[in-house]
Amino acid sequence: MYFLSDVEHKYLLHQLLPTAREVGVSKELRGWSWFQPPLKPYYGDVKLPMYAVSSKYCPTGRDVYLRNVENVRPKLGPKVALGKMFHGVVSDCLQAFLQRKSLDFETWWLKIRWDEIPEKPENVKEPSREVWKFVSKLCEARLAEVSSRQPYASEYDVIASALPFLVEHRISGELLGLSGILSLDCYDYLHAIMFDLKVNDERREWYRLSPVGYALVFESVHETPVDICCVVYLNVRKGKVSVQKDLFFADDELRQWWIEERDKKLEIVAERRDPGKPERSQCLESCMFFDACYG
Ligand code: SF4
């Protein structure tokens, strides 16, 4: 899932990294400059989750107002359910390999708390099984490959080299005006790539905001530069798993865009200001707050 193909690896080595080294990132846009503008949050008392800052499903940000000021509960649909399921499958399957736990899909399935998944189990079981099989096969192949190249390496070393991932890593975003209990999808610590998983086919430019936000948070806490980010688009169609990657340089422009979004959303909540609705045609009926806005 978070493994780069040969072509992606070439793109990383010969295009993205040379560009990142040549162009660089302005020092005031590194996460470790959190104590000064423009990264210093203006509204110090408000803390938001990453999805509130990085989501642009609602063009005006009214979803953030409804959820965080009016305390309206979002109406979760089947797309959200599939997203939750696939995130759970990918992270739990990877964690099992990382922690050398023996865990099969059926055992994992029995532990799901269905009150948190707004969908019937039978509608998501088979696609989830396919993703589990896919992730397991990738991990087994990578472990076998690294082990065959380094026959004297310990099991721990083989895992650390073959699966160099911090998965669902807990980190505080408080220095940047975010929640103190963020959880990032995956950080590859050997290649310094911040990954974000999307259960969707449709590419959107603003999906880049979330991994860029996590890169900034990581820099603010660990003071380590994170120049490369990747959105992983995961889907299952007719029983076949599809994975597409958007690998990119987290440059100044994207960092500034994320800061603008953060400042706009923090202001909405701190000032308790309803930003209003956009043109009706821009509101999808699948929006989690559609009933609250038009019901
Ligand atoms: S219905 Fe429209 S205005 Fe309301 S939250 Fe959704 S996108 Fe925003």
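You'll find the structure just up there.
A brief report on the enclosed structure follows. Please read all numbers here as calculations on a predicted model, not as lab measurements. (Residues numbered from 1 in each chain as written. Predicted model: local features only at pLDDT ≥ 70, side-chain atom pairs only at ≥ 80, totals over all residues.)

### Thoughts on unusual backbone geometry
This is how it is decided: Runs of E in the DSSP output that reach at least two residues are strands. Runs of H or I that reach at least four are helices, and both are numbered from the N terminus.
Residue P38 follows P37 across a cis peptide bond; omega there is 0 degrees. Mapped onto the secondary structure, P38 falls in the loop between α1 (6-23) and α2 (50-54). The backbone phi angle of E223 is positive, close to 55 degrees, even though this residue is not glycine. If you trace the backbone, E223 turns up in the loop between α8 (209-222) and β4 (228-237). A positive phi angle, near 50 degrees, is found at K238, a position not held by glycine.

### Some thoughts on the packing of helix α4 (residues 78-98) against helix α6 (residues 121-149)
This is how the line gets drawn: Lines fitted to the C-alpha atoms define the axes, with helices restricted to the stretch that makes contact. Angles between their N-to-C directions range from 0 to 180 degrees. The scheme is simple: roughly parallel for angles under 35 degrees, roughly antiparallel for over 145, roughly perpendicular for 65 to 115, oblique for anything else. Crossing handedness is read from the near helix: turned anticlockwise from the far helix by less than a right angle, it gives a left-handed crossing, and turned clockwise, a right-handed one. Distance between backbone-placed C-beta atoms decides contact: two residues are in contact if it is within 7 Å.
Contact geometry of α4 with α6 gives a least axis separation of 9 Å together with a crossing angle of 30 degrees. The angle between α4 and α6 places the two elements in the roughly parallel class. Considering how the two elements wind past one another, α4 and α6 form a crossing that is right-handed. Touching A81, L82, M85, F86, V89, V90, C93, L94 and F97 of α4 are V124, S128, V131, W132, V135, S136 and C139, all from α6.

### Overview of the nonpolar core
What counts is decided by this rule: Nonpolar cores are identified as sets of buried Ala, Val, Leu, Ile, Met, Phe, Trp, Tyr and Cys residues joined via C-beta atoms within 7 Å. Labels follow a simple rule on C-beta atoms placed from the backbone: if 20 or more others lie within 10 Å of a residue's own, it is buried; if 12 or fewer, it is exposed; otherwise it is partly exposed.
Residues V90, L94, V135, M194 and A215 are the most contacted members of the largest nonpolar core, which totals 64 residues. No other element matches the 8 residues that α4 contributes to this core. Residues in contact with L94, not counting those within four places in the same chain, are V135, C139, L163, F165 and V167.

### Points about the site of the ligand
Spelled out, the test is: Being near a molecule or strand means, for a residue, that its backbone-placed C-beta atom lies within 6 Å of it. Here the nonpolar group is Ala, Val, Leu, Ile, Met, Phe, Trp, Tyr, Cys and Pro; Asp, Glu, Lys and Arg are the charged ones; every other residue, Gly included, is treated as polar.
Near the ligand the following residues occur: C58, R62, D63, K277, P278, C283, C287, F289, F290 and C293. Of all the elements in the fold, those that place two or more residues in the shell around the ligand are α3 (62-68) and α10 (290-294). Looking at the shell around the ligand residue by residue, the classes come out as 7 nonpolar, no polar and 3 charged.

### Brief notes about α8
An α-helix turns once per 3.6 residues; consequently, residues spaced three or four apart project the same way. We apply this condition: Multiplying 1.5 Å by the helix residue count minus one yields the expected span of that helix.
For α8, which comprises 14 residues, the first-to-last C-alpha distance of 20 Å matches the rise-based estimate of 20 Å (1.5 Å per residue) to within 8%. In terms of residue burial, α8 counts as a mostly covered element, since 12 of its 14 residues are buried. Inspection of α8 places L209, S210, P211, V212, G213, Y214, A215, L216, V217, F218, E219 and S220 among the buried residues, and these make up the whole buried set. Elements in contact with the buried residues of α8: α2, β1 (165-171), β2 (182-188), β3 (193-198), β4 and α9 (252-270). Immediately beyond the C-terminal end of α8, within one or two residues, lies E223, with a positive phi of roughly 55 degrees.

So yeah, pure geometry; function would need other evidence.
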